[in-house]
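Next come the chains, spelled out residue by residue.
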Amino acid sequence: MLEIKPREYFEGEFSLPGDKSITHRAVMLNACADGESTITNALTGEDCLSTAACMRALGAEIKVDGTTIFVKGSPDFKSGQRLNCGNSGTTIRLLTGLVAGKGIQAELYGDDSLSKRPMGRVSEPLALLGAKVQTTDGTAPLVVSPATLCGQEITLKIASAQVKSAILLAGLNAEGVTRVVEPVKSRDHTERMLQAMGAEIRVDGNTVEIKKSKLKAIDVSVPSDISSAAYFMALGALKGKTLCKNVGVNPTRTGILVAFDKLGVKYTLLNRRVSGGEEIADILVEKSPLKAIELGGEVIPALIDELPLIALMCAFAEGESRIFGAKELRVKESDRIKTTAELINALGGDCLETQDGFIIRGKASLRGGKVNSYLDHRIAMTAAVGLIASKEGGEIVNPECCAISFPDFFEKLGVCAGQV
Ligand code: S3P
């Protein structure tokens, strides 16, 4: 349990950890590529270490030194491995696709939370390519057996970068053309990185095509994660002024800025540039009076991981906010519709769960209280923001799960706030 005190004012300049999605992909793809690579500003939180451990078990040499990861790839995978994916949905789903066409046997499993998450969304499209992936009643553990894959066109019902990426990685080892069509474009880090590594891949709107390809190792400099910066951006909007440096602003990830526009948050993107095929900027956010929003539809995939935090900001906004079309939140590390509503209400807010989102009646201030993270990193970090912005502060039960995506989150808050 961790006590968090409220703050009248919150100001500072922050360097945030490397992007989780990009680090997973940089490790996984370099680990099966020809050659050696160095990944800098990598996220070395627990999720990405799970990916590194799995890739080591499959034959790659991987050394982690601070936030630098050195990889020596092994295009041929060792068969018969049990791959522990920990808490990480990205690890298990992407790796299932990658392993499916490698002609090996592997078992992929994870912790209690991961074992409850749906895996049929990966095994079913992969089966259409000819993959043999056996689930345990639609969940992990998954057993992958050798199979010959053949490219197909696959139309997805949900916009999921994990599912899209699993199919594209299977397509690397499939005969012919593998084509994925998404209802709405989800984050595209896999496509960008595969292109940079020499894969035959073509993107046209929401459609991606890939042909059987070999990958060349590349060095990757990982931008900071907008999903981690989001907590400091929200504190700037609620309590003062924050500057988050070198943040990845790939347009498939910046839905939070659309929500900020609607809420009336004052922000500026400074020093915009492109590095390693990804857009980057420093984000300055200043205290702003917030107004209620309606948020849903096509923007949801671009802010899916920030929705608990955006819902919390709505609890401080004037009027009644409605967030809809976000049913996917129910199958994240926790049921984030339930755990977010509980968080806001525990702080003295007024949040109603709907089937696919929230109705939040904003208040000028929240009292504070005791919040359970339910071992979900994004809930723990959202709770910290809510408590700092509240009148009385309070406690977080099981705060240590932040290490999944942001190992020094509380230190970063403490350095600035001196109160944690
Ligand atoms: C991710 C995709 C998203 C996101 C997750 C990371 C990725 O999941 O919520 O945190 O790296 O591809 P879905 O693909 O399930 O939407």
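Structural data are supplied above this passage.
(A) Region of the structure containing helix α8 (residues 255–263). Those residues of α8 that sit buried are Gly255, Ile256, Leu257, Ala259, Phe260 and Leu263. Contacts made by the buried residues of α8 are with α7 (226–239), β18 (266–275), β19 (278–286), β20 (294–295) and α9 (307–314). Glycine 264 sits one or two positions beyond α8 and adopts a positive phi of about 90 degrees.

(B) A look at the side chain of serine 50. Mapped onto the fold, serine 50 is located in helix α2 (residues 46–57). Given the relative accessible area of 12%, serine 50 is considered buried. When neighbours within four sequence positions are excluded, serine 50 is seen to be in contact with Asn84, Cys85, Gly86 and Thr91.

(C) Structural detail: the sheet that holds strand β3 (residues 36–40). Read across the sheet, four strands follow the order β4-β5-β3-β16 without closing on themselves; strand pairing throughout is mixed. In this open sheet, the two edge strands, each paired with only one partner strand, are β4 (61–65) and β16 (220–221). For β3 and strand β5 (residues 68–72), the ladder comprises four bridges, and the chain directions are antiparallel. Considered in β5, the bridge of threonine 38 is made with phenylalanine 70.

(D) Structural detail: the pairing of β4. Alignment of β4 against β5, held across five bridges, turns out to be antiparallel. When the bridges of β5 are listed, aspartate 65 appears paired with threonine 68. Between the end of β4 and the start of β5, which pair antiparallel, lie two residues, with glycine 66 showing a positive phi angle near 65 degrees.

(E) The sheet that holds β18, seen in detail. Ordered by their spatial adjacency, four strands build an open sheet running β2-β17-β19-β18, and the pairing between neighbours is mixed. A single partner strand is all that each edge strand has here, and the edge strands are β2 (10–15) and β18. Across the sheet, the mean angle separating the axes of adjacent strands is 10 degrees when strand polarity is ignored. Sitting on the sheet, α7 is in contact with β2, β17 (240–248) and β19, with an inclination near 160 degrees to β17.

(F) Structural view of the packing of helix α5 (residues 161–171) against helix α6 (residues 189–196). Contact geometry for α5 and α6: axes closest at 9 Å, N-to-C directions at 25 degrees. As summarised for this structure, α5 and α6 are arranged roughly parallel, according to the angle between their axes. Two secondary-structure elements touch here, α5 through Lys164, Ser165, Leu168 and Leu169 and α6 through Thr190, Glu191 and Leu194.

(G) Expanded view of the pattern of salt bridges. For the structure on display, the rule yields 27 salt bridges. When the shortest N-O distance is used, the salt bridge between glutamate 328 and arginine 121 registers 2.8 Å. Taken together, the residues span a long stretch of sequence, with glutamate 328 in the loop between β21 (320–323) and α10 (336–346) and arginine 121 in helix α4 (residues 120–128) at a distance of 207 residues. Measuring nitrogen to oxygen at the nearest pair gives 2.9 Å for the salt bridge that ties arginine 330 to aspartate 335. Arginine 330 gets classed as partly exposed once you look at its relative accessible area, which sits at 27%.

(H) Examining the environment of asparagine 345 more closely. When you line up the elements, asparagine 345 lands in helix α10. Taking the relative accessible area as the measure of exposure, asparagine 345 reaches 33% and is therefore partly exposed. Sequence separation of asparagine 345 and glycine 369 is 24 residues, and the distance between their C-alpha atoms is 9.2 Å. Apart from residues no more than four positions distant in its own chain, asparagine 345 is found in contact with Asp350, Cys351 and Arg367.

(I) Quick peek at the packing of aromatic side chains. Counted under the stated rule, the structure contains nine aromatic pairs. Ring plane angle 75 degrees and centroid distance 5.1 Å describe the contact between phenylalanine 409 and phenylalanine 410, whose orientation is recorded as edge-to-face. Across the pair, phenylalanine 410 and phenylalanine 409 agree in class, each one buried. Through pairs of rings, three or more aromatic residues link up here, namely Phe10, Phe14, Tyr231, Phe232, Phe406, Phe409 and Phe410. Directly above the ring of tyrosine 109 sits arginine 82, whose terminal nitrogen or CZ lies 4.2 Å from the centroid. A cation over a ring is seen here: lysine 102 above phenylalanine 77, with NZ or CZ 4.6 Å from the ring centre.

(J) How the structure looks around the site of the ligand. Close to the ligand lie Ser21, Arg25, Thr90, Arg93, Ser160, Ala161, Gln162, Arg187, Ile304, Asp305 and Lys332, which account for all nearby residues. For the ligand, an oxygen atom lies 2.6 Å from a polar atom in the side chain of serine 160. At a separation of 2.9 Å, an oxygen atom of the ligand approaches a polar backbone atom of glutamine 162. Here the ligand loses 94% of its free accessible area of 390 Å² to cover by the protein chains. Among the secondary structure elements, those contributing two or more residues to the shell around the ligand are α1 (20–31), α3 (89–100) and α5. Lining the shell around the ligand are residues from two domains, each supplying at least three of them: domain 1 (2–17 + 224–413) and domain 2 (20–220).

(K) Representation of the nonpolar core in the model. Ranked by size, the top nonpolar core spans 72 residues in total, and within it Phe232, Met233, Leu307 and Phe409 carry the most contacts. When residues in this core are grouped by element, the largest group, 10 residues, is from α7. Those residues within four positions of phenylalanine 232 in sequence are excluded, and the remaining contacts are Phe10, Phe14, Leu16, Thr242, Cys244, Phe406, Phe409, Lys412 and Leu413. If you look at the next biggest cluster of nonpolar residues, it comprises 64 residues, including Cys32, Ile62, Ile92 and Ala217.

Cut-offs used in this document
Residues numbered from 1 in each chain as written. Predicted model: local features only at pLDDT ≥ 70, side-chain atom pairs only at ≥ 80, totals over all residues. Heavy atoms only, no water. Buried < 20%, exposed > 50% of the residue type's maximum accessible area, 1.4 Å probe, protein only. Helix = DSSP H or I, 4+ residues; strand = E, 2+ residues; numbered from the N terminus. Contact = heavy atoms within 4.5 Å. Pairing = 2+ DSSP bridges. Axes fitted to C-alpha atoms, helices over the stretch in contact; angles between N-to-C directions. Parallel < 35°, antiparallel > 145°, perpendicular 65-115°, else oblique. Salt bridge = Lys/Arg side-chain N within 4 Å of Asp/Glu carboxyl O. Phe/Tyr/Trp six-rings, centres within 6.5 Å; stacked < 30°, edge-to-face > 60°. Lys NZ or Arg CZ within 6 Å of the ring centre and 35° of its normal. Near = heavy atom within 4 Å. Polar contact = N/O pair within 3.5 Å; in protein donor to acceptor, adjacent residues only side chain to side chain. Areas by Shrake-Rupley, 256 points an atom, 1.4 Å probe, with all protein chains shown as cover. Domains from an automatic or database assignment. Core = buried A, V, L, I, M, F, W, Y, C linked by side-chain atoms within 4.5 Å.

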